[in-house]
Amino acid sequence: MRMSLDVVLGGSLLVFAAVVSVVVILPGVTISDKPSADYRPRTELENGGRDVYVANGCTYCHSQYVRWIDWGLGAERVALSGDYIAEQPNLLGSERTGPDLSQAGGEHPDDWHGAHFHNPRHTRPESIMPPFAFLESNRLEALIAYVQSLGFKLADARMERQRKWKKPAVEAFEAGTEANIEWLHGHVPEPWRELPNPYPTTRVGLERGKRIYQGFCIGCHGEVGDGMGPAAARLYPPPLNFTALNGRGATGGILYYQIMNGITGTAMPYFKRELESEKIWAVGDYVAVYFIGESDADTEPKGIDAAYEVEEEITYR
Amino acid sequence: MNSPESAQVDTQSHATALGYMISAGVWMVIGTFAGITAGIELIAPDLLGNIAWLVFGRLRAMHTTIVMFGFAVTMLIGAAFYIVPRLVRVPLFSEKLGMASLFVWNGSLLAGVVALSLGYTQSREYAEMFYPSDIGVVVAFVLMLWNLIVTVMRRKEPVLYVSVWYFVGGLMLSAATYIIGNCMWAGWKGAIFGMPDAVIHWFYGHNVLGLLMTPLAVAAAYYVIPRAAKAPLYSHTLSQIGFWSILIMYTHIGTHHLLQAPAPTWLKLISVVDSIAMTIPVATVLVNLWMTAQGRIGKLTQNPAARFVFVGTIMYLVVCIQGPFQSLPIVQRITHFTHWIPAHAHLAVVGFVGMIGWGTCYFILPEMTGRPIHSKRLANLHYWLMFMGVVSMMVVLTISGLIQGHAWYHGEGVYRVLPSTFLYNVMRVMAGAMIVVSSWIGLYNLLRSIPQAGGARASAGEVAS
């Protein structure tokens, strides 16, 4: 074929037009724009927050679609085409330096987000997200409203749950230490309350617990467990002072349950997605030994010792 | 069999070509600096904390926009403004028009990047620049095309060499892709709604590489390699197969970015099939270029300019084996969303397009100025730093990406895996530092190679050496 200017320009335009009609126009026309069952329109405030999200390039680290192979935040609900009908521009994202946010709404209460945006390491010590303390308060408020709307009706349901538990949590805190701890313990199911930590305290166990504490807990509960971490000033009710648990019946089971399940309504998140059983027992025992000053580790009632368990003396050698 | 003719040294000013290439050198210095700054923020997030215009999400967009459009594309457009007139044996239609297009192009990019730093963005990757810049970019494309097409129409050479097809065809389709991809009919929003927006976005996103950067880089390689090897082009037929098949295959594959998103399955299928079919244009182009140089590879590797281009074509092979591979759903389960993706992107833009860009620049500078480049030693240093930088970045990010991908796939959360990437992010900055320094050397060497810009001292230094 002789490649004249006409052939090069005309031919490539022809090819291009054919391709565009197949891969751009055809999907544009045929993709269903029916909203999914969980969809709801965003409020004006939430849309303003989305603009803040766009302006600061949040989309480069946070994707907004959950895949069938995911285990992380929001993994219970795989993304549907109908979730995106109001997205202009789309914020699907192409990298996951931070977690997927498509179901982030209602995961945490608003005050947790305030502390997290001020400096992400205050709530998530190993995060590499930039601090957003430079945002004016109205833009920060809008951004938080947007994040809390992610997941639409599912987010609303989670937010409803946060609000429902926030009220009694605040009341309990304001009623004083004794009443607060009683309220906290009271919501742990009975069998957990009576359960001691079934594994012995060991030096390596405490070291592991410390490592977990520093990666997950220190921002709120502080380096000495007094609830005075850098995030504490922005959280209400504030993080628990562990030293106050001394002599107040905090069993290994209670600590385990609270770490696993979190306390919805407060800034205390659940950690069961991120920490396996051994890590939760280890960090619970670390808190018990160092901050509460009493541990029920390896006391009765306990079952058959796990195969790995060694005698104390050997571990400490 | 035809090849770029070995004409005498042109004495015309080449202001447009040089202007584009100098702009590219400057943009690369800025763009890589933005990149390394963003990289440092990943390992020290509080270092530049709360400086709004330097927040990672804004820097990242500035980095990709500057390096892709400011450096890689601009360098090769500069080459086009020298190579196309040369191949059709007439001077460029209008240097004034060329300078006007450069002014509009640079102005649009600068305005777009400043707007990004202020938080004005259309948010879609590689289509971030705000509406006025979009208009400017399209105007600049039209001015470039006008200039080049009129030049070709006035040609004295009856046969159009393959580089001309790619330069002119690539720029024309890029202008069209830019308008469609940026949804310019939607005005300031620069996007439509929902999944159709994602489909257009990634049609565009991949075509920035496939219809803009790749044709420009391939065109430049088609010019440099036969000349450097002093051999006629191996096959005219392969050139044609390569040209038409890249237009057909590459344009279909954007949706492979959305394989795990709720996009239509038939579209995903097309994207994967054509991603694999991309091996056809890549193989034809590379077979054609390498067979041209067969037995003469030494000629290519001794000269830093030709070595840049030759190694760029090897990078092209690696990128385009990796690309089809990672478009497979079973591979994407691990690689998607991870550092594997920026590893691939850096290899494509810096390793393939960027190295061919700099090599072509070094190769045509002596043809334009009639004297050797300022320093062959600096060019060699430039080459090695850029090569080592991009290869080590590729290796480091690929490892990091595999760590992330496997950990996620087997049930770890993003936050738990994040600390595992720290060391790789440190090494990524070290690799980036090599590319940053290489950009300074490249710009310095380029400026000193131009008599008008380098002044008398450059000539004196050259005599002394």
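Criteria and cut-off values
- Residues numbered from 1 in each chain as written.
- Chains lettered and ligands numbered in written order.
- Predicted model: local features only at pLDDT ≥ 70, side-chain atom pairs only at ≥ 80, totals over all residues.
- Heavy atoms only, no water.
- Helix = DSSP H or I, 4+ residues; strand = E, 2+ residues; numbered from the N terminus.
- Rg over C-alpha atoms; globule rule 2.2 N^0.38 Å.
- Buried < 20%, exposed > 50% of the residue type's maximum accessible area, 1.4 Å probe, protein only.
- Contact = heavy atoms within 4.5 Å.
- Areas by Shrake-Rupley, 256 points an atom, 1.4 Å probe, with all protein chains shown as cover.
- Lys, Arg positive; Asp, Glu negative; His and termini not counted.
- Charge placed at Lys NZ, Arg CZ, Asp CG, Glu CD.
- Buried area = accessible area lost by both parts, 1.4 Å probe.
- Salt bridge = Lys/Arg side-chain N within 4 Å of Asp/Glu carboxyl O.
- Polar contact = N/O pair within 3.5 Å; in protein donor to acceptor, adjacent residues only side chain to side chain.
- pLDDT = per-residue confidence, 0-100.
- Core = buried A, V, L, I, M, F, W, Y, C linked by side-chain atoms within 4.5 Å.
- Patch = residues over 30% accessible without salt bridge, like charges linked within 9 Å, V, L, I, M, F, W, Y side chains within 5 Å.
- Axes fitted to C-alpha atoms, helices over the stretch in contact; angles between N-to-C directions.
- Parallel < 35°, antiparallel > 145°, perpendicular 65-115°, else oblique.
- Left-handed = near helix turned anticlockwise from the far one by under 90°.
- Nonpolar A, V, L, I, M, F, W, Y, C, P; charged D, E, K, R; others polar.
- Phe/Tyr/Trp six-rings, centres within 6.5 Å; stacked < 30°, edge-to-face > 60°.
- Lys NZ or Arg CZ within 6 Å of the ring centre and 35° of its normal.
- Domains from an automatic or database assignment.

A. Just the overall build of chain A, in detail. On a plain count of helices and strands, chain A comes out with 13 helices and 0 strands. Starting at the N terminus and walking to the C terminus, you meet the elements of chain A as α-α-α-α-α-α-α-α-α-α-α-α-α. Over its C-alpha atoms chain A spans a radius of gyration of 25 Å, topping by over 25% the 20 Å that the globule rule assigns to 317 residues. When its C-alpha atoms are laid out on the principal axes, chain A stretches across 90 × 45 × 35 Å. When burial is assessed residue by residue, chain A has 56% of its 317 residues classed as buried. The contacts in chain A between residues at least 6 apart in sequence include a share of 73% that link residues at least 24 apart. Accessible surface for chain A amounts to roughly 14500 Å². Of this, 58% is attributable to carbon and sulfur atoms. Distance between charge centroids for chain A: 6 Å, based on 30 positive and 42 negative side chains.

B. Layout of the overall build of chain B. Each helix and strand counted, chain B has 17 helices and 0 strands in total. Taking 23 Å as the expected radius of gyration for a compact globule of 465 residues, we find that chain B reaches 21 Å, a close match to that expectation. Relative to its full complement of 465 residues, chain B shows a buried share of 67%. In chain B, 83% of the contacts between residues at least 6 apart in sequence involve partners at least 24 apart. Between the averaged position of the 24 positive side-chain charges in chain B and that of its 14 negative side-chain charges there is a distance of 8 Å.

C. Region of interest: the interface of chain A and chain B. Of the residues lining the interface, 74 residues belong to chain A; the matching set on chain B comes to 85 residues. Of the roughly 7000 Å² buried where chain A meets chain B, counting both sides, 67% is carbon and sulfur surface. Where chain A meets chain B, there are 2 salt bridges. A salt bridge links E95 of chain A to R60 of chain B, with the nearest nitrogen and oxygen atoms 3.7 Å apart. Connecting chain A to chain B are 21 residue pairs in polar contact (both at pLDDT 80 or more). Elements with a contribution of two residues or more to the side of chain A that touches chain B: α1 (5-30), α2 (44-55) and α9 (203-216) of chain A. Here the side of chain A that touches chain B takes 18 residues from α1 of chain A, the largest share from any one element.

D. Layout of the confidence of the model for chain A. Summarising the model, chain A shows a mean pLDDT of 94, and 98% of its residues fall at 70 or more. Considering only residues more than four positions removed or in separate chains, one finds that residues 313-317 of chain A, a stretch of pLDDT under 50, has 7 contacts.

E. Looking closely at the pattern of salt bridges. Taken as a whole and judged by the stated rule, the model has 29 salt bridges over all chains. The shortest N-O distance in the salt bridge between D111 of chain A and K166 of chain A comes to 3.2 Å. Separated by 55 residues along the polypeptide, D111 of chain A in helix α3 (residues 110-118) and K166 of chain A in helix α6 (residues 153-174) bring together distant segments of the chain. D111 of chain A gets classed as buried once you look at its relative accessible area, which sits at 12%. For K166 of chain A, a relative accessible area of 24% corresponds to the partly exposed category. A salt bridge links R89 of chain B to E157 of chain B; the shortest N-O distance between them is 3.0 Å. With a gap of 68 residues between them, R89 of chain B in the loop between α2 (56-88) and α3 (95-117) and E157 of chain B in the loop between α4 (131-153) and α5 (162-181) connect regions that are remote in the sequence. Within the structure, one salt-bridge network assembled from shared partners comprises R67, D70, R96 and D100 of chain A.

F. Representation of the side chain of N147 of chain B within the structure. Residue and element names in this part refer to chain B. Position of N147 among the secondary structure elements: in helix α4. With relative accessibility at 0%, the residue N147 sits in the buried group. A polar contact is formed between the side chain of N147 and the backbone oxygen of S94, at a distance of 2.9 Å.

G. Here's a closer look at the nonpolar core. With 175 residues, the main nonpolar core has W105 and W358 of chain B as its most contacted residues. At 24 residues, helix α6 (residues 194-229) of chain B tops the list of elements feeding residues into this core. Sequence-distant contacts of W358 of chain B, that is, excluding residues within four places in its chain, are made with G25, M28, F71, M75, F308, H382, M386, G442, L443 and L446 of chain B. Listed in part, the 27 residues of the second largest apolar core include Y213, L255, V283 and Y286 of chain A.

H. The arrangement of a nonpolar patch on the surface in detail. The grouping of L110, V114, L118 and Y120 of chain B at the surface amounts to a nonpolar patch, some 420 Å² of accessible area in total. Counting through the fold element by element, V114 of chain B comes out in helix α3.

I. Highlighting the packing of helix α11 (residues 252-261) of chain A against helix α12 (residues 277-292) of chain A. Residue and element names in this part refer to chain A. Where α11 contacts α12, the two axes come as close as 9 Å, and the packing angle between them is 120°. When the axis of α11 is compared with that of α12, the two are oblique. The handedness of the crossing between α11 and α12 is right-handed. Taken together, the residues of α12 that come into contact with α11 (itself represented by G252, G253, L255, Y256, I259 and M260) are S277, I280, W281, V283, G284, A288 and I292. Along the lines of polarity and charge, the residues of the contact of α11 with α12 split into 9 nonpolar, 4 polar and no charged.

J. Local environment of α11 of chain A. Residues and elements named next belong to chain A. The element α11 is largely enclosed, with a buried count of 9 among its 10 residues. Along α11, the residues that are buried comprise G252, G253, I254, L255, Y256, Y257, Q258, I259 and M260. Against α7 (177-186), α8 (190-193) and α12 lie the buried residues of α11. In the stretch just after α11, G262 is the one whose phi turns positive, near 70°.

K. Structural detail: the packing of aromatic side chains. By the definition in use, this model includes 43 aromatic pairs over all chains. When the ring of Y286 of chain A is compared with that of F291 of chain A, the centres are 5.3 Å apart and the planes differ by 80°; the resulting orientation is edge-to-face. You'll find Y286 of chain A and F291 of chain A in the same group, each marked buried. A ring pair is formed by W290 of chain B and F310 of chain B, whose centres lie 6.4 Å apart and whose planes are at 65°; its orientation type is edge-to-face. With a gap of 20 residues between them, W290 of chain B in helix α9 (residues 279-292) and F310 of chain B in helix α11 (residues 304-326) connect regions that are remote in the sequence. Note on F310 of chain B: relative accessible area 11%, which makes it buried. Connected via pairs of aromatic rings, a cluster forms that spans F71, F308, W358, Y362, Y383, W384 and F387 of chain B. Here the basic side chain of R124 of chain A rests over the ring of Y415 of chain B, its NZ or CZ set 3.9 Å away from the ring centre. One residue, R307 of chain B, lies across the ring of Y383 of chain B, its end atom 4.6 Å from the ring centre.

L. The arrangement of the domain arrangement of chain A in detail. Residue and element names in this part refer to chain A. Domain annotation for chain A reports domain 1 (44-158) and domain 2 (175-316). Relative placement of domain 1 and domain 2: their C-alpha centres are 29 Å apart. With 19 residues of domain 1 at the contact, the number on the domain 2 side is 20 residues. Buried surface at the junction of domain 1 and domain 2, summed over both partners, amounts to about 1400 Å²; 49% is from carbon and sulfur atoms. Counting across the interface, domain 1 meets domain 2 through 3 salt bridges. In this structure, R124 and E274 form a salt bridge, with 2.5 Å as the shortest nitrogen-oxygen distance. At the level of secondary structure, the elements contributing two or more residues to the side of domain 1 that touches domain 2 comprise α3 and α4 (120-123).

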